[in-house]
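# Remarks on the overall topology
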There are 2 protein chains.
Amino acid sequence: MINVIGIGQNRDNITLGALKAIEESDVIIGYKKYINQIEDLIEGKEIIKKGMGDEISRAEIAINKSKEGYTVALISSGDPGVFGMANVLYQIESKYDDVEIKVYPGVSSVNYSADLLGAPLNDFAAISLSNILTPLSEIEKKIEYSLKANLIIAIYNPISKTRKEPFRRFVKKVLEIKGEECLIGIVDSTYTPSKTSIVEIKDLTEDMVNMSCTLIVGNDLTYVQNGKLITPRGYVIRSDIHPFSREHYELFLNGDIAHGERRECDFYPCHYDGQYCDFCYCPFYPCGDSSTGGSWIKGKGVWNCKECTWIHTPEGVNALRAPFTEILEEVDDLKNKKKQLLKLRRACLLNNNPYDL
Amino acid sequence: MINVIGIGQNRDNITLGALKAIEESDVIIGYKKYINQIEDLIEGKEIIKKGMGDEISRAEIAINKSKEGYTVALISSGDPGVFGMANVLYQIESKYDDVEIKVYPGVSSVNYSADLLGAPLNDFAAISLSNILTPLSEIEKKIEYSLKANLIIAIYNPISKTRKEPFRRFVKKVLEIKGEECLIGIVDSTYTPSKTSIVEIKDLTEDMVNMSCTLIVGNDLTYVQNGKLITPRGYVIRSDIHPFSREHYELFLNGDIAHGERRECDFYPCHYDGQYCDFCYCPFYPCGDSSTGGSWIKGKGVWNCKECTWIHTPEGVNALRAPFTEILEEVDDLKNKKKQLLKLRRACLLNNNPYDL
């Protein structure tokens, strides 16, 4: 019997299942750094520590020991299924008859790192930059497509002393597709506890990362709040329709709100010269989403849009007006169709089809 | 203080950190199904169970209780950072001053499910099919790009009684981009223990999935072995060069191996009529990668290529020959440049640039 066991990143995130499986094993096999991490749990057992890159021999030894009748624990950091020992063992195992394998999942680096940084995940990709057995062209393609799909990306094995090219390609792709301000969270586990930092991609340099780092690449909605990296997941804040807003959208539904600038208005330009006024009152208020600049007035529970001008930009208004008109049939839809409207907002912000919600 | 705690999928994969944080909390808040899962751990504490979809009120109550001075545990299934409570809480938290939050990572469904199915992960994406607040067009784009990038995909929230359209779109995209035989692992956690199955996308129907399922979509290399879903991660099997192979590649390097069919050979067609013979002996032998059809002869430790014909197909040979010639400078490179050669094999198999390894 071979127990393939993920031990997470530290004692705090080892699982009960992993602990029990370690206890029940006779022989413990793993990369020495990981074995040292669980030293107090394996006293009196046969311990086989191996160097890095020695995965095949670790798997072979595990199989041999299990053939001899021992219960074997093959130790992986994080989760054994994510760039860990599980794949290698299954590939080698097919050489033999009757090898029994059980994989014990663990907390993977993407989860550990994201939770330390704040709440940056939404739909995400996890990609290793190790090009020892994976072509650069394949790694680059995966990064490119993930960025274009607006996935959050967790980068494993970002760099090593001899492997710098994948990291350079990664930085170049992010700059090219996302621009200079794309947010990067860095979790460096050479420190205990792990050290976190957040930078814009234009400021990310090679000396900031090493083999023990995991990077989290933000998407087009990710922002920083009190030092935490956040990607809004979206939620509905129930709220009444303000009388001014009601009045505006009654005119809107009657076709009495012109498209574009409304320079005759006493308040023009209330935000900035050149602003469009179709959505004088934001139809998504309160969106609760700081990614476009809005924020709560602390202690008052009032959503403040002062720093959000998206709803008044020509691009925003042009994307929004036609599909919005299809959704809003009566003013109360601002409240009753809030989910639909928030999806429309998201589709327009991310340049997706606003008619396919 | 609010502890946002991931409790994994079952008692086996709860972490020590989560257990300690639950113990230290006065008030326990969560979706009732998850609270029931930890009932024995929270006796004597104030317990607030909420219905599904009530995330906002759960977050608000957590903040209010922490303002009253209590240590609060906000419970998430899996990892709180993956479609869990962390994002929502951080969004709501910005309404208030001085809310202290700590997130305790957990084993996420992608890890739990993959490890039950075998070892299907490599670079992967995790995508939720819930279109309650995410436009269909956005979900579809993420799936499309992830499939095109050859990422493994973990599908969260695949379907519900009222939300079937995202699942239909997903199936259609997989059929369109990967073809009928793309492998899908299903982990259904309505059962205890979770029930696993593996099907081809052409056979995946709506009645096979429900809200408690996680799906794992294989990539172009994923295969099934003894009922387990495996994606090869790649590894090097050290091996000597067979004398016949040495002879062949000496001729090859001298320019004496013609391109294409070698009908004059006594053994033609040793595999199938129309085969190309440039790589009469496979330069990657033994690759140890069953994704193209090879397998170990059990008990003998011999790699058998009988079912792998890729190296003799016109497409394979045409993709491989020119870049291979740039790598192989002497016959011993078959051994000495094995990593480089395995990357070339992978680039050709996956239609990536074979000159950019």
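Computed from a prediction, not measured in an experiment: that's the story for all the values here.

Attention shifts here to the overall build of chain A. Tallying secondary structure elements over chain A gives eleven helices and 15 strands in all. Across its three principal directions, the C-alpha atoms of chain A cover 85 × 40 × 40 Å. Within the span of chain A, comprising 357 residues, buried residues form 57% of the whole. Here the contacts in chain A between residues at least 6 apart in sequence split such that 67% fall between residues at least 24 apart. Here chain A has roughly 14,900 Å² of accessible surface; of this, 47% comes from carbon and sulfur atoms. Positive and negative side-chain charges in chain A, numbering 42 and 50 respectively, have mean positions lying 3 Å apart.

What follows covers the packing of helix α3 (residues 55-67) of chain A against helix α4 (residues 85-93) of chain A. Residues and elements named next belong to chain A. The interhelical angle for the contact between α3 and α4, taken along N-to-C directions, is 60°, at an axis separation of 9 Å. One element, α3, and the other, α4, form an angle in the oblique class. Where α3 crosses over α4, the handedness of that crossing is right-handed. Listed contacts from α4 to Glu 55, Ile 56, Arg 58, Ala 59, Glu 60 and Ile 63 of α3 are Met 85, Val 88, Leu 89, Ile 92 and Glu 93.

A separate point is the pairing of strand β3 (residues 46-50) of chain A. Of the pairings in the sheet, the one linking strand β2 (residues 27-31) of chain A to β3 of chain A comprises five bridges and is parallel in character. Residue pairing across strands places Gly 30 of chain A opposite Lys 49 of chain A, the latter belonging to β3 of chain A.

The next thing to look at is a nonpolar patch on the surface. Residues and elements named next belong to chain A. On the surface, a nonpolar cluster with roughly 230 Å² of combined accessible area is contributed by Tyr 285, Ile 297 and Val 302. Position of Tyr 285 among the secondary structure elements: in the loop between α8 (243-253) and β14 (295-297). A relative accessible area of 37% places Tyr 285 in the partly exposed class.

Time to look at the confidence of the model for chain A. Of the residues in chain A, 100% have a pLDDT of 70 or more, and the chain-wide mean is 95. As scored by the predictor, the complex reaches a pTM of 0.96 and an ipTM of 0.96.

The next thing to look at is the sheet that holds strand β3 (residues 46-50) of chain B. All names here are of chain B. Strands sit in the order β3-β2-β4-β1-β5 across an open sheet of five strands; the sheet is parallel. Edge positions in the sheet fall to β3 and β5 (101-104), since each of these pairs with one other strand and no more. On average, adjacent strands in this sheet sit at an angle of 20° to one another, irrespective of strand direction. Sheet analysis places strand β2 (residues 27-31) next to strand β4 (residues 72-76), joined by three bridges and oriented parallel. Bridging across to β4, Ile 28 finds its partner in Ala 73.

Note on the identical chains: chain B maps onto chain A by a rotation of 180° and an axial translation of 0.0 Å, with an RMSD of 0.0 Å. With respect to symmetry, the two chain copies, as superposed, fit the operation of a two-fold axis. Of the residues that chain B buries at the interface, 100% are likewise interface residues in chain A, meaning the two copies contact each other through the same surface.

Turning our eyes to something else, we now look at the interface of chain B and chain A. Interface size is commonly expressed as the accessible surface area that is lost when the partners come together. Taken together, the contact pairs 91 residues of chain B with 91 residues of chain A. Summing both partners gives a buried area of about 8,200 Å² for chain B against chain A, and 55% of it is carried by carbon and sulfur. Interface area lost by chain B to chain A is led by Gln 91, Leu 133 and Arg 233 of chain B, which between them contribute 10%. At the surface where chain B touches chain A, the tally comes to eight salt bridges. One salt bridge in this structure joins Lys 142 of chain A and Asp 123 of chain B, with 2.8 Å as the shortest N-O distance. The dominant element in the side of chain B that touches chain A, judged by the number of residues it contributes, is helix α6 (residues 136-148) of chain B, at nine residues. For the side of chain B that touches chain A, the residue count by class is 41 nonpolar, 27 polar and 23 charged. Pairing geometry for strand β7 (residues 124-128) of chain A and strand β7 (residues 124-128) of chain B, over three bridges, is antiparallel.

Cut-offs used in this document
- Residues numbered from 1 in each chain as written.
- Chains lettered and ligands numbered in written order.
- Predicted model: local features only at pLDDT ≥ 70, side-chain atom pairs only at ≥ 80, totals over all residues.
- Heavy atoms only, no water.
- Helix = DSSP H or I, 4+ residues; strand = E, 2+ residues; numbered from the N terminus.
- Buried < 20%, exposed > 50% of the residue type's maximum accessible area, 1.4 Å probe, protein only.
- Contact = heavy atoms within 4.5 Å.
- Areas by Shrake-Rupley, 256 points an atom, 1.4 Å probe, with all protein chains shown as cover.
- Lys, Arg positive; Asp, Glu negative; His and termini not counted.
- Charge placed at Lys NZ, Arg CZ, Asp CG, Glu CD.
- Axes fitted to C-alpha atoms, helices over the stretch in contact; angles between N-to-C directions.
- Parallel < 35°, antiparallel > 145°, perpendicular 65-115°, else oblique.
- Left-handed = near helix turned anticlockwise from the far one by under 90°.
- Pairing = 2+ DSSP bridges.
- Patch = residues over 30% accessible without salt bridge, like charges linked within 9 Å, V, L, I, M, F, W, Y side chains within 5 Å.
- Salt bridge = Lys/Arg side-chain N within 4 Å of Asp/Glu carboxyl O.
- pLDDT = per-residue confidence, 0-100.
- Least-squares fit on C-alpha atoms with pLDDT ≥ 70 in both.
- Buried area = accessible area lost by both parts, 1.4 Å probe.
- Nonpolar A, V, L, I, M, F, W, Y, C, P; charged D, E, K, R; others polar.

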